[in-house]
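The chain contents come next:
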Amino acid sequence: MTERPYVLLSCAMSVDGCLDAPGGERLVLSGAADLDRVDDERASSDAIMVGAGTIRRDDPRLLIRSPERRAARTADGRPAHPIGVTLTASGDLDPGARFFSGGEAVGGIGVGAAADAGGETAGGVGGETVGGVGGEAAGGARRDRPARLVYCASPVTARTRRRLDGLAEVVDAGSRPALAAVLADLFRRGVRRLMVEGGADLSKQFLTGGLADELQLVIAPFFVGDPRAPRFAGPGRYPYGPGHQMAVAEVREVGAVVLLRYLLKAPVTGSAPPAGTGNVDAGRGVGVAEPVPGHGAPGAAGETTEADRGWQGEAIELSRRCPPSATAFAVGALVVAGDGTVLATGYSRESDPHDHAEEAALAKLDPADPRLAGATLYSSLEPCRFRASRPRPCAELIIEAGLRRVVIAWREPPVFAPGGGAALLAEAGITVVEIADLAAQARAVNAGVLGG
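As the structure is a prediction and not an experimental result, all values here were calculated from the model. (Residues numbered from 1 in each chain as written. Predicted model: local features only at pLDDT ≥ 70, side-chain atom pairs only at ≥ 80, totals over all residues. Heavy atoms only, no water.)

What to know about the overall build of the protein chain
Along the protein chain, the regular secondary structure elements total 11 helices and 15 strands. Within the protein chain, buried positions represent 54% of all 452 residues. Excluding contacts between residues fewer than 6 apart, the proportion of contacts in the protein chain whose partners are at least 24 apart in sequence is 74%. For the protein chain, the exposed area adds up to about 18,400 Å²; of that, 53% sits on carbon and sulfur atoms. (Helix = DSSP H or I, 4+ residues; strand = E, 2+ residues; numbered from the N terminus. Buried < 20%, exposed > 50% of the residue type's maximum accessible area, 1.4 Å probe, protein only. Contact = heavy atoms within 4.5 Å. Areas by Shrake-Rupley, 256 points an atom, 1.4 Å probe, with all protein chains shown as cover.)

A closer look at the sheet that holds strand 13 (residues 376-379)
Spatially, 12-11-13-14-15 is the arrangement adopted by the five strands of the open sheet, whose pairing is mixed. Of all strands in the sheet, those with a lone pairing partner are strand 12 (342-347) and strand 15 (431-434), marking the two edges. Strand-to-strand twist across the sheet, computed as the mean angle between neighbouring axes with direction ignored, equals 15°. For strand 11 (residues 332-336) and strand 13, the ladder comprises four bridges, and the chain directions are antiparallel. Among the inter-strand pairings, A333 is bridged to a residue of strand 13, identified as S379. Packed on one face of the sheet, helix 7 (residues 306-319) meets strand 11, strand 12, strand 13 and strand 14 (405-408) and runs near 140° to strand 11. (Pairing = 2+ DSSP bridges. Axes fitted to C-alpha atoms, helices over the stretch in contact; angles between N-to-C directions.)

Thoughts on the side chain of T376
Tracing the chain through its elements places T376 in strand 13. Residue classification places T376 among the buried positions, given a relative accessible area of 2%. Among the polar contacts made by the side chain of T376, one reaches the side chain of R405 at a distance of 3.2 Å. Dropping the residues within four chain positions of it, T376 is found in contact with P298, L334, V335, V336, R405 and V407. (Polar contact = N/O pair within 3.5 Å; in protein donor to acceptor, adjacent residues only side chain to side chain.)

Re the environment of D165
Its location among the elements puts D165 in the loop between helix 4 (158-164) and strand 6 (169-172). Expressed as a C-alpha distance, the spacing of D165 and P95, which sit 70 residues apart in the sequence, is 9.0 Å.

Quick look at the packing of aromatic side chains
Scanning all chains against the criterion turns up three aromatic pairs. When the ring of F329 is compared with that of F416, the centres are 5.0 Å apart and the planes differ by 70°; the resulting orientation is edge-to-face. Here the residue F329 occupies a position in the loop between helix 7 and strand 11, and F416 occupies one in the loop between strand 14 and helix 10 (421-427), the gap between them amounting to 87 residues. Through pairs of rings, three or more aromatic residues link up here, namely F329, W410 and F416. One cation-aromatic arrangement involves R192 over F187; the distance from NZ or CZ to the ring centre is 3.6 Å. (Phe/Tyr/Trp six-rings, centres within 6.5 Å; stacked < 30°, edge-to-face > 60°. Lys NZ or Arg CZ within 6 Å of the ring centre and 35° of its normal.)

Side note on the pairing of strand 9 (residues 247-254)
Sheet topology places strand 9 next to strand 10 (residues 257-263); seven bridges connect them, and they run antiparallel. Counted as the bridge partner of V248 is Y262 from strand 10. Once strand 9 ends, the chain turns through two residues before running back antiparallel as strand 10, passing G255 with a positive phi of about 65°.

Take it as geometry only, folks, not as evidence of what the structure does.
Set out below in structure tokens:
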């Protein structure tokens with residue numbers, strides 16, 4: 001299974017599905033409250049992608065507006081702004097576009113040469129890298145600019161090289177940029193969460209290709225009514241039909257608009273199995289149609305293996321599915337048997353506003369399953385020892401389930417309740433492993449409740 005980032009597709013439209021007004025006039029679809037929400041989503045992303053047409057038409061900067069959010073990113077060792085990414089068939093981009101400008105230092109995620117879709121090569125998707133970003137790269141990109149990647153259809157012309165030299169890394173993406181290959185290339189560069197703010201064509205490509213994990217659709221309270229206006233999700237072969245519906249994760253009023261949040265890897269029934277219904281299919285994450293990527297058998301006792309790091313990464317990815325809350329953390333958890341089989345997954349508020357991730361995962365297990373004694377529970381946050389919403393904290397539920405090993409990314413900060421779950425588990429003889437260098441990723445998902 002090719003690894004790729006978690007893809008969040010963000011889109012705003014009128015009631016009749018229009019993304020913009022016809023002609024050159026820009027249609028304003030959302031207000032200050034929604035712009036702040038989008039800024040928060042950007043702050044939790046490693047990269048933001050737009051189409052070349054959006055750059056030409058809207059001239060976006062793709063920067064994080066909030067100084068507090070920028071500061072939180074840099075405090076976690078990440079660049080102040082996500083990497084900006086675009087795809088272009090012609091390479092005809094204005095070097096003066098705001099997409100290429102900015103005043104923040106480039107750092108954190110590297111955007112150097114990567115492998116192509118078919119194996120390890122010296123360049124990007126198509127094997128050739130032009131220019132550079134992130135320090136003293138070959139293209140001389142300035143450190144005072146946010147990192148920018150341009151995936152360009154081959155052959156990359158000398159004119160494109162000259163125009164974008166020092167502004168972006170230009171990657172030869174083949175005769176027609178293939179989204180799956182581009183996503184794989186971004187993953188190899190360290191991008192784990194990609195926010196796509198695409199127009200009509202780019203959004204359709206992600207949706208018809210089954211390459212988006214989440215859709216955030218904002219509906220403005222008015223009609224456009226012009227047949228010339230670009231519309232969201234035109235005719236095509238979409239994998240999400242009546243027999244394979246998207247899962248509604250949230251419906252929320254944001255100022256004058258309404259946010260509809262869908263998870264796009266819903267099971268064919270359109271909803272996750274209710275808690276307490278027993279085992280899930282081996283190797284499958286609850287609430288997703290495709291298997292959770294495999295990482296092999298968990299480590300033993302207190303050792304930390306590459307498999308443990310991979311599984312902990314999956315727990316962090318699950319935490320990104322949590323419905324937002326201002327009064328609770330976003331946490332992901334999964335239980336993996338000794339042979340590397342996923343027994344259950346869960347995330348905060350998965351089926352109830354008070355659900356904790358570990359609680360949601362454990363509720364789907366058969367208590368008599370003999371594999372539990374040799375299984376490992378991975379949680380993006382230390383399991384709770386104290387909680388107000390329900391009588392049993394997650395640490396006690398883990399002890400009761402008979403698990404003997406727990407891997408976490410970070411300790412629970414005393415924001416909503418005292419921590420101490422790891423200590424309680426250790427007192428019960430359960431091995432607790434902390435992968436501290438993954439803590440920044442888990443904290444970034446919770447930037448909103450941590451004041452970032």
